[in-house]
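# Inside the fold
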Amino acid sequence: MSGGSAFRDGLLEGKVAFVAGGTSGINLGIAKRFASLGAHVAVCGRDPDKAVRAAEAIGHHAMGLSADVRDYAAIRGALEQVSDRFGPLDIVVAGAAGNFLAPALGMSANAFKTVVDIDLLGTFNTFRASHDLLAKPASLIAITAGQAEQAMALQVHACAAKAGVNQVIRTLAIEWGPDVRVNGISPGPIDGTEGMARLAPNPALRQASEHRIPLKRWGEIDEIAEAAVFLSSPSAAYITGTILDVDGGSSVGDAGRMDIAKGLV
Ligand code: COA
Ligand code: NAP
């Protein structure tokens, strides 16, 4: 990781964490970091073999479960398995998502609904189904994206879905305090992920993307995991309803325009 970690070993000792969509990519990185700090961790995705492989990669007796977040009963069943085995849940991450590039006119109603159902309904289901299984206090984190605030061509489904996710975060923060804190993490483009393989599938697109980011690079999975640890730690005890941008400054503005300034100063 570029910046190193400020967190001490054992910070999450004995805590119980459930990561929906934790079988690959950013969410798996979050699950691994929680486990490395002492938490009991469970991950879930649709593919049962992938879930088992993820749990093996996490180690620390992690659970790998199969559930589709669009199916309330399925995600509830997975959460119950985790609380039965490890006890009340201290941390729940809603990170499952789907995305692909397509113009609105190349997208069927079902294509739009599919992404909204995974991202938005899936986040609601994961949080709603966990509520009576939570420890007090508990930390809920949804993984959102810059598309929630910044409209992006070819992603009307993901823009709409993640905008909804941001309002689920804020609304539940109001309804579920003071025992439950609800926050979001909005990653910028993260290296080595399925998301960026789909959204910037060649070196030229990557270079153009990096050019626009104030910190001039894509982020690392571990850098998102550090933010998830922070939001789940006592250091964040007074933080709820916030969306933490971990994006190299992308959401602030387009640093590509600094090229114009180079000719002026
Ligand atoms: N362009 C246009 N439409 C597309 C599409 C594309 N690239 N990919 C899928 N669709 C459409 C399908 O044609 C279908 O619509 P239809 O029934 O009208 O034909 C609809 O989307 C659902 O597709 P399906 O494959 O049945 O959905 P699924 O639930 O099996 O998979 C996806 C969900 C499509 C989001 C799939 O890409 C996925 O599983 N993604 C998870 C991984 C991921 O996206 N990671 C990045 C996270 S940011
Ligand atoms: P990824 O590797 O594709 O991870 C997606 C995870 O969700 C997998 O574990 C997948 O497993 C699971 N999943 C997908 N559909 C599901 C469903 N219906 N039910 C249950 N699980 C499901 O993606 P990623 O690129 O790391 O992205 C992770 C999160 O970060 C997403 O919320 C994404 O929107 C967000 N994000 C990513 C980036 C980026 O740069 N990659 C930037 C901003 C935000 P199965 O396929 O087995 O179900």
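All residue numbers refer to positions counted from 1 along the written sequence of the respective chain. Going through the entries in the order they are written, you letter the chains from A and number the ligands from 1. Two thresholds apply to this predicted model, a pLDDT of at least 70 for residue-level local features and 80 or more for giving and counting side-chain atom pairs, whereas whole-chain, interface and lining totals are computed over all residues. Values shown for side chains rest on all heavy atoms present in the structure; no hydrogens or waters enter the calculation.

### Notes on the packing of helix α3 (residues 72-86) against helix α4 (residues 109-130)
- Axis definition: a line fitted to C-alpha atoms, limited for helices to the stretch in contact. Angles are taken between N-to-C directions and run from 0 to 180 degrees. Helix and strand definitions here come from DSSP, where helices need a minimum of 4 consecutive H or I residues and strands a minimum of 2 consecutive E residues; each element is numbered from the N-terminal end. Look at α3 against α4: their axes get within 9 Å of each other, and the N-to-C directions meet at 45°. Taken together, the axes of α3 and α4 lie oblique to each other. The crossing of α3 and α4 is right-handed. Residue-level inspection shows Tyr72, Ile75, Arg76 and Leu79 of α3 in contact with α4, the latter providing Asn125, Thr126, Arg128, Ala129 and Ser130.
- Put simply, Ala, Val, Leu, Ile, Met, Phe, Trp, Tyr, Cys and Pro go in the nonpolar bin, Asp, Glu, Lys and Arg in the charged bin, and everything else, Gly too, in the polar bin. Within the contact of α3 with α4, the residues separate by chemical class into four nonpolar, three polar and two charged. Note on terminology: angles under 35 degrees are roughly parallel, angles over 145 are roughly antiparallel, angles of 65 to 115 are roughly perpendicular, and the others are oblique. Here a crossing is taken to be left-handed if its near helix is turned anticlockwise relative to the far helix by less than a right angle, and right-handed if that turn runs clockwise. Contacts are residue-level and defined by heavy atoms, with any inter-residue pair within 4.5 Å sufficient.

### Side note on the site of ligand 1
- One heavy atom suffices: a residue is near a molecule or strand as soon as one of its heavy atoms comes within 4 Å of it. Close contacts around ligand 1 come from 16 residues, with Arg46, Asn99, Ser108, Asn110 and Arg198 the closest.
- Each polar contact in these results corresponds to two N or O atoms within 3.5 Å; when the atoms are within protein, one needs to be able to donate a hydrogen and the other to accept it, and residues that are neighboring in sequence are counted only if both atoms are side-chain atoms. Arg46 is positioned with one of its side-chain polar atoms (N or O) 2.8 Å from an oxygen atom of ligand 1.
- Contact distances for ligand 1 include 2.9 Å between an oxygen atom and a backbone N or O atom of Asn99.
- Residue assignment for the shell around ligand 1 shows that the elements contributing at least two residues are α4 and α6 (194-199).
- The greatest single-element share of the shell around ligand 1, amounting to four residues, is contributed by α4.

### Observations regarding the nonpolar core
- Here, nonpolar core refers to any group of buried Ala, Val, Leu, Ile, Met, Phe, Trp, Tyr and Cys residues whose side-chain atoms link them within 4.5 Å. Burial classes follow relative accessibility: with a 1.4 Å probe on protein chains only, a residue under 20% of its type's maximum area counts as buried, one over 50% as exposed, and anything between as partly exposed. Membership of the largest hydrophobic core comes to 35 residues, with the highest contact counts inside it found for Phe18, Ile75, Val82, Leu89, Phe127, Leu140 and Val182.
- When residues in this core are grouped by element, the largest group, six residues, is from helix α5 (residues 156-176).
- Dropping the residues within four chain positions of it, Phe18 is found in contact with Ala42, Cys44, Leu65, Ile75, Ala78, Leu79, Val82, Leu89, Ile91, Val92, Val93 and Thr126.
- Ranked by size, the runner-up nonpolar core spans 31 residues in total, among them Leu11, Leu28, Ile221 and Ala228.

### Brief notes about the sheet that holds strand β5 (residues 134-143)
- The strand order across the open sheet built from seven strands is β3-β2-β1-β4-β5-β6-β7, with neighbouring strands paired in parallel fashion. Since the sheet does not close on itself, it has two edges, and those belong to β3 (63-66) and β7 (243-246), each with one partner. Neighbour-to-neighbour, the strand axes of this sheet turn through a mean angle of 20°, independent of strand direction.
- Taken strand by strand, α3 contacts β1 (16-20), β2 (40-45), β3 and β4 (89-94), and its axis lies near 160° from that of β3.
- Each of β1, β4, β5 and β6 (180-187) touches α4; the most contacted strand, β4, lies at about 170° to it. A strand pair is defined by DSSP finding two or more bridges across the two strands.

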